[in-house]
Structure formats: C-alpha cells, structure tokens
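Overview (structure and organization)
Spelled out from the first residue to the last, the chains are:
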Number of protein chains: 2
Amino acid sequence: YNKHYFAMDIDPKRIYVGPGTKELIFNLLEILHGTVILPTPAWLGYLPQIRLLKKNFHMLPTQANQKITPSDLRKLALRLHDRQKILILNNPNNPTGLLYNRLELEEIADVCKEQSIAVISDEIYAQTTYDFSKFVSMGKIYPEGTFVTNGLSKSHAAGGYRLGYVIFPLHATDLKAQFKKILATEYTAVSTPIQYAAVKGFEISNEINEYFEITRNIHKIMGEYVYKELSKMEGVKVTKPEATFYLLADFNHYASDLQAMKINTSQKLSEALIVHPYHTAIVGGDSLVLERTDYSARIAYVDYDGVKVYENYQKKKPITDDDMIEFVRTNAPRIVAGIEMISKFFEKLKKDVVNLSSKRDSLSIQN
Amino acid sequence: YNKHYFAMDIDPKRIYVGPGTKELIFNLLEILHGTVILPTPAWLGYLPQIRLLKKNFHMLPTQANQKITPSDLRKLALRLHDRQKILILNNPNNPTGLLYNRLELEEIADVCKEQSIAVISDEIYAQTTYDFSKFVSMGKIYPEGTFVTNGLSKSHAAGGYRLGYVIFPLHATDLKAQFKKILATEYTAVSTPIQYAAVKGFEISNEINEYFEITRNIHKIMGEYVYKELSKMEGVKVTKPEATFYLLADFNHYASDLQAMKINTSQKLSEALIVHPYHTAIVGGDSLVLERTDYSARIAYVDYDGVKVYENYQKKKPITDDDMIEFVRTNAPRIVAGIEMISKFFEKLKKDVVNLSSKRDSLSIQN
C-alpha cells in the first residue's frame, strides 16, 4: 500500500497497527521526550492528549498563508532548551485543507535536522489530495526523524473502523521496542473483524483506485464551490483547499459587529449560527486551538448522502464549471443552504448593528 | 444484561464502554489516586499497566487457599499511608479459577469501607462460573466503592471483538466526567461493527442462555478432568476451579529436583515443558506476578475445536463421571495429552536426578 501509493518501500518491521490513528499518536507522544511544537490552527485532538500526558508544548501560529514557515520553526526551536523537540505536522491539513508541497517539506526537514526535531506527520488525509500526484510524505523526505501516521478512517470513509498505523523512522530500534510494550500494555489488538476489513482496504485494486479517484473529485468539486461562494462574501478570507473536505474561513472582518451584538468569542459565533433560522454547524476558532476571540471557523463540506452522490458521479461526470455547480446544487443541497445561511447571518448582523447604533443615536438625542 | 444476569439495575449513565476491558482498566488506573493493591498470583496484564502509569503498588500474596483474606488486606492497608487505596480484585480469578463467595466479598468490602479502598472488580469471567447461581458481583455488595469491569471476550468467546464496559460506583460524578475526557482524548470509540455485534451479544435470549449454559458445562467438565489428573501427581497442589478455564498447579514439591537439573526459574520450567517431546505450554509463575523461583503454573484447558465440542455436547450430554471422562478423551485429546506430558516430564525429572546423583556418587568413589 505504502509502496504503491506513496512510493515508500517500508520494512514491515517499521510499522505498528493500532485501534485508530488517534490512539497511536497518543502512544507516540507517550514515548517521545521533549517539548511538543503544535502549529495552529490545529485539529482539536492533539492538545488534550498533550495536556493529559502533562507534556511541555508550544504553539506555532501559522502565517496568513496558513502554513508554518521554516524560519518561524527555527526561531521557536532555538527558544526551546530540550535536547529533542517534537513537531506535529498535519499534512494535508485539518482544518485548512492545505497541502505542504515537496519544497516546503524539504525546508522544514532541514530545520528539523538542524534543531533535533522529531516529526509526527499525521497524514490521515493523504488519499484525499485532489491532485494526488502532488502528495509527498514527510516519511520520504526525512525518513530518519519522521513518524508517519495514517489509517482507514478518511481515505476509506471508514471512521467507525478503528484502525490506524504508524511508520517508525529508520534505525529507531529502542523506540520500537518501547512502543510495542506500550501497545501490549494498554490494549490487546485491533478488533479481528476490523483487521480483516483492513487487509481488503489496503489491497491495490482497480476498484479501490476508482473509489479514491471519485471521492477525491467529489471533495474537490464541493470544496471549490464552498471556497468560491465564501470568497464572494465581503471581507471573508478563505483557504483554498487542495485536500481533505474542510477549509478555514476567517470572519474577523466582522469582529466589531459581532462584539456589538455580544458575540464575543468564536464559541458564541458557532452557537449563533446553529440556532434558528441558520441551522449551520461550524467548528469555531477555540476548537481549532486559536484564540477564543479569533472568529475563524472550519467549514466541512461532506453533508450529503455519500452513496447517492457517488452513484450520480459515476453516471455522469461533471466536466465544465457549470456542470460542477449544477452537481453541487443537485447532490448537496444542505451544503448550498449552509453557505447561504452563513452569508445571510452576516448580512443580518450588519443591519442589526446599524439599527442598534441608530437606536442609540436617537436615544442620545432624546437625552 | 446486568439486571438479568447479575440482578443489578444500573443507571446507564454509570456505564462506559471502551475498546476492551484491558484499556478500561488502564484508564481507571489513570484517574484513580492512591497505592494499588495487587493480589498475587495475578493476571499478567495488571502489573505492566501499573508500572507504565508509574503508580505506587503493593503485592498482596494470597494464602494456600489462593484467595486474599480480609485480615491480610487490613494489615497491608494499615501500612499504606495514602488517603485512598485501590484493590484490583479479579473475580472469578485468573489464574486460579477460584470464585469469591458472597460472604468472602462482604468481609472484603467491610475492610475496604473501613480503610478507604476503592475496588476495581475485574469480572470478565463472571459468565464462566460453573454454578452461575453462586456468582455475586462486588458491585452489588459494595456499590459505593466498586468499579466493575466486564466485556465480551470471555463470556461470548469473542476475544477479537474488542469491547468492554465499566460500571462506575454510585455518586462518582466527578470521576465519571474525568473518565469521559480521558476516553475522548485517547481514542474515539469502539469500532462500529463491534458495537452492532455487542448489542446482539448483550440481548437476553434463549439462544444465548443455552450458549452460556453449555460453554459453562464444557469448561466445568474439562476443568474437573484436569484437576483430578493433576491431583494424582505426587506432591502437586492444584486449585479446584469453580469458574474460568484455568487452574493453578503448584509444582514446588519438585523444586530441588528442578534446581538439580538447572531449571532454576518458572520461566525455565515453561521452556523445558514446551520443547520436544512434551510440547506443552503452561504460563509460569513469573508471568503470574509470583517469585521467579515459584514453580507454580497456570494450566488452561481450552485447547480443542470449540464448534465441534459444542455440537457434540448438544448431541449427547455427558451425565455420569464415566461419560465425562469419555467426553474429554473424545473431544479434547490435546488436553489429555498435555496433562500426560506434564506427568511424564516430572517422572523423567525424578529419574534423571537419581541418575545424576548416582553418577556423582560413583565419581566421588573413584576419586
């Protein structure tokens, strides 16, 4: 599987399988010494694990392009005094949908070598990369210092099949022995039926290739629609996803309006959007390890009947831009409605704030 | 399920489900403060967990009857200076096959109340109790201080279906909240297909009742055979199993003979028994958290084709003692052979030691 898709010919002895990538990342953080470097925004799962394990950690906020830069990484590493540091690199990235290209990874790897940084490269979204030829594993670029984690849940849309794997760095013999002990101590194994399913899932076949191809294209079509629609909104900055089924939308343009309406945190923004009449669920900034007052949000675009959409795609592949918009409208009405609702929410917010201030003005005149 | 089989009417809010009882016990040890009291001999999984979590612990060796006594428990608790202690009670017990009766549990519970001891009552073998009416859960006797753990793997012979549950004590609201966080942080959930299987498994039906009944009887027949055969051996002390599919055999009668043949540890005894011509696998003392030189061993009696034996039992239920011996001989030839081999091993050992010493004698005469 790794050889076929990622051009990585890995000795099976370097691979450990566990009940979910999440648990394997937890186990890796358990055995690895040193301060954890966590780029933000981040998937909400890493920080609770770091905290539960009482590890030292530092956030590494990403720049406007929403990727970490080698120079920021070096600067932070120089401030840390541990002999070893651990970088959690989520590539492709949840929540931004962005992909690190080969050059970017090489530059990051250079800093990691220079500053003794081990990398946990969480590549759970690898197979969702829209142009799959662009995906490069950090395990290929920095094999001596990278722990690659991956699993079934995203690539095979099998979140309920708890099976993940980790590829250990070359020459990490002691760590492997320690890791094996931890796995044996904390849990026995992945459930047997799931193991059988995984054997099938990791086989190379035309069927599964077609499946990956089609799901990638569907994610891409949905993603581009959502990206374009949100970008039309005044002041909203949106990441352009190259993988996953998420993007990050920055609504901080409306910060003062939101505050005027007592929506003081990203949490409050999420709550305001989910109630009537909007019914739209977003994942707000504080769940993405951003400041509580950062009005950025992850927008997911998978709210449709997967089997039906898959069949419809097979029947008639959308080719032109118009086909694709039509495809989204027909197959994912809830996504279309959700984006409209976000747009309406902010339009109404502007109006409410204007009304509020004119009311205040008239009150002050009366006084 | 708990109401029907264990006469315990538990609020579902007190129950947490996880990927295997092993992992739930690990998570419990993670959240519970205080020194762990570990009765020995013990299942091999507890100690590595305690060590990995860097918890204080004390062994509590059981007496000749191989159960802990309330007075020993009190004595140990008085020596420990933590405000809270944790007792790991494995009932029915692996490796001895013994069952704590209601009176014994009540006496232990009294000490626990008096000495602030929380109990992790690992009842994974509950359904294997031969006379099921004798099984009483510690959760019934000491509901305010007992964490009951159980799962599918032994009762339903579904070790590969990683699903366990824990019943929290009454009024443990804070601990439940903390536990929930740990579960969410370390892993996401039990695999979906396993959850569906478990729903079926925990339903009450005549079919599953019959299944429990028959498997209990088969374990009982096999256990009694093994118990009787091993008891015939000179000097060997054997626990009489009332549950599980194990018993504990004490071969320390042969200690000096074993040492004479350079079999200095229980590990070496296991190794000597597995090689040609004996081919018999036992779990030796040091895997049971006993002294390395304690020649006690767990003997498991499940080495047969389960489906076939189950069918044969259904076809013709063995009634008399002779029927039962015949049943074992027909259905479990590997168990019969294994016991014979253990017997032969020790016979040969005696002879070898005699030869060795007469050789030594003749040598010393020549000198």
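Fair warning: this is a prediction, and the values are worked out from it, not measured in the lab.

Quick notes on the rules
- Residues numbered from 1 in each chain as written.
- Chains lettered and ligands numbered in written order.
- Predicted model: local features only at pLDDT ≥ 70, side-chain atom pairs only at ≥ 80, totals over all residues.
- Heavy atoms only, no water.
- Pairing = 2+ DSSP bridges.
- Helix = DSSP H or I, 4+ residues; strand = E, 2+ residues; numbered from the N terminus.
- Contact = heavy atoms within 4.5 Å.
- Axes fitted to C-alpha atoms, helices over the stretch in contact; angles between N-to-C directions.
- Buried < 20%, exposed > 50% of the residue type's maximum accessible area, 1.4 Å probe, protein only.
- Buried area = accessible area lost by both parts, 1.4 Å probe.
- Salt bridge = Lys/Arg side-chain N within 4 Å of Asp/Glu carboxyl O.
- Polar contact = N/O pair within 3.5 Å; in protein donor to acceptor, adjacent residues only side chain to side chain.
- Nonpolar A, V, L, I, M, F, W, Y, C, P; charged D, E, K, R; others polar.
- Lys, Arg positive; Asp, Glu negative; His and termini not counted.
- Parallel < 35°, antiparallel > 145°, perpendicular 65-115°, else oblique.
- Left-handed = near helix turned anticlockwise from the far one by under 90°.
- Least-squares fit on C-alpha atoms with pLDDT ≥ 70 in both.
- Domains from an automatic or database assignment.

**Quick word on the sheet that holds strand 8 (residues 237-238) of chain A**
Strand pairing in a sheet takes place through backbone hydrogen bonds and is either antiparallel or parallel in direction. Residues and elements named next belong to chain A. Here we have 4 strands laid out as an open sheet, ordered 8-9-11-10, and antiparallel in their pairing. The open sheet has two edge strands with one neighbour each: strand 8 and strand 10 (283-284). Of the strand pairs in this sheet, strand 9 (residues 246-250) and strand 11 (residues 296-300) are connected by 5 bridges, and their pairing is antiparallel. Paired with Tyr-246 across the bridge in strand 11 is Ala-300. In this fold helix 9 (residues 206-231) packs onto strand 8, strand 9 and strand 11, with an angle of close to 5 degrees to the strand it touches most, strand 9.

**Concerning the pairing of strand 11 of chain A**
Residue and element names in this part refer to chain A. Among the 5 residues that make up strand 11, 4 are buried, leaving the element largely enclosed by the rest of the structure. In this structure, strand 10 lies alongside strand 11, joined through 2 bridges in antiparallel fashion. When the bridges of strand 11 are listed, Gly-284 appears paired with Ala-297.

**Describing the interface of chain B and chain A**
Counting residues at the interface gives 22 residues for chain B and 22 residues for chain A. Among the residues of chain B in contact with chain A, Arg-162, Thr-185 and Glu-186 of chain B are the three that bury the most area, contributing 27% of the side total. Linking chain B with chain A are 0 salt bridges. Counting every contact that joins chain B to chain A gives 10 residue pairs in polar contact (both at pLDDT 80 or more). For the side of chain B that touches chain A, the elements supplying multiple residues, two or more each, are helix 2 (21-31), helix 3 (46-52), helix 7 (173-186) and helix 8 (192-201) of chain B. When the residues that make up the side of chain B that touches chain A are grouped by side-chain class, the tally is 11 nonpolar, 6 polar and 5 charged.

**As for the side chain of Glu-123 of chain B**
Residue and element names in this part refer to chain B. In this fold, Glu-123 is placed in the loop between strand 5 (117-122) and helix 6 (138-141). Buried charge without a partner: Glu-123 forms no salt bridge, and the closest opposite charge is Arg-14, 11 Å away. Side-chain polar atoms of Glu-123 contact the side chain of Ser-121, separated by 2.7 Å. With residues up to four places along the chain from it excluded, the contact list for Glu-123 reads Asn-91, Phe-135, Ser-137, Met-138, Gly-139, Val-148, Thr-149 and Asn-150.

**Quick look at the sheet that holds strand 5 of chain B**
Residues and elements named next belong to chain B. The strand order across the open sheet formed by 7 strands is 1-7-6-5-4-2-3, and the pairing between neighbours is mixed. Looking along the sheet, the strands with just one partner apiece sit at the ends: strand 1 (15-18) and strand 3 (57-61). Along the sheet, successive strands turn relative to each other by an average axial angle of 20 degrees, direction set aside. Sheet analysis places strand 2 (residues 35-40) next to strand 3, joined by 5 bridges and oriented parallel. Its bridge partner lying in strand 3, Val-36 is registered against Phe-57. Packing against the sheet, helix 4 (residues 70-79) makes contact with strand 2, strand 3, strand 4 (85-90) and strand 5, and its axis sits at approximately 160 degrees to strand 3.

**Thoughts on the packing of helix 4 of chain B against helix 5 (residues 102-114) of chain B**
Residue and element names in this part refer to chain B. Two elements in contact, helix 4 and helix 5, have axes whose closest approach is 9 Å; the angle formed by their N-to-C orientations is 15 degrees. One way to sum up the angle between helix 4 and helix 5 is to call them roughly parallel. Judged by the sense of rotation from one axis to the other, the crossing of helix 4 with helix 5 is right-handed. Touching Pro-70, Leu-73 and Arg-74 of helix 4 are Glu-107, Ile-108, Val-111, Cys-112 and Glu-114, all from helix 5. Considered class by class, the residues forming the contact of helix 4 with helix 5 number 5 nonpolar, no polar and 3 charged.

**A short note on the relation of the copies chain B and chain A**
Take chain B, turn it by 180 degrees, move it 0.0 Å along the axis, and it overlays chain A with an RMSD of 0.0 Å. The operation mapping one copy onto its partner corresponds to a two-fold rotation axis. A shared interface surface links the copies, since 100% of the contact residues of chain B are contact residues in chain A too.

**Observations regarding the domain arrangement of chain A**
Residues and elements named next belong to chain A. The domain architecture assigned to chain A consists of domain 1 (2-201) and domain 2 (206-366). Distance between the C-alpha centres of domain 1 and domain 2: 28 Å. Taken together, the contact pairs 32 residues of domain 1 with 23 residues of domain 2. In this assembly, domain 1 packs against domain 2 so that about 2400 Å² is buried in total across both faces, 61% of it on carbon and sulfur atoms.

**Quick word on unusual backbone geometry**
Cis rather than trans, the peptide bond between Thr-40 of chain A and Pro-41 of chain A has omega equal to -5 degrees. Assignment of secondary structure puts Pro-41 of chain A in the loop between strand 2 (35-40) and helix 3 (46-52). The omega torsion across Asn-91 of chain B and Pro-92 of chain B is -5 degrees, close enough to zero to call that bond cis. Within the secondary structure, Pro-92 of chain B sits in the loop between strand 4 and helix 5. We note that Gln-66 of chain B has phi near 65 degrees; this positive angle belongs to a residue other than glycine. Its location among the elements puts Gln-66 of chain B in the loop between strand 3 and helix 4.

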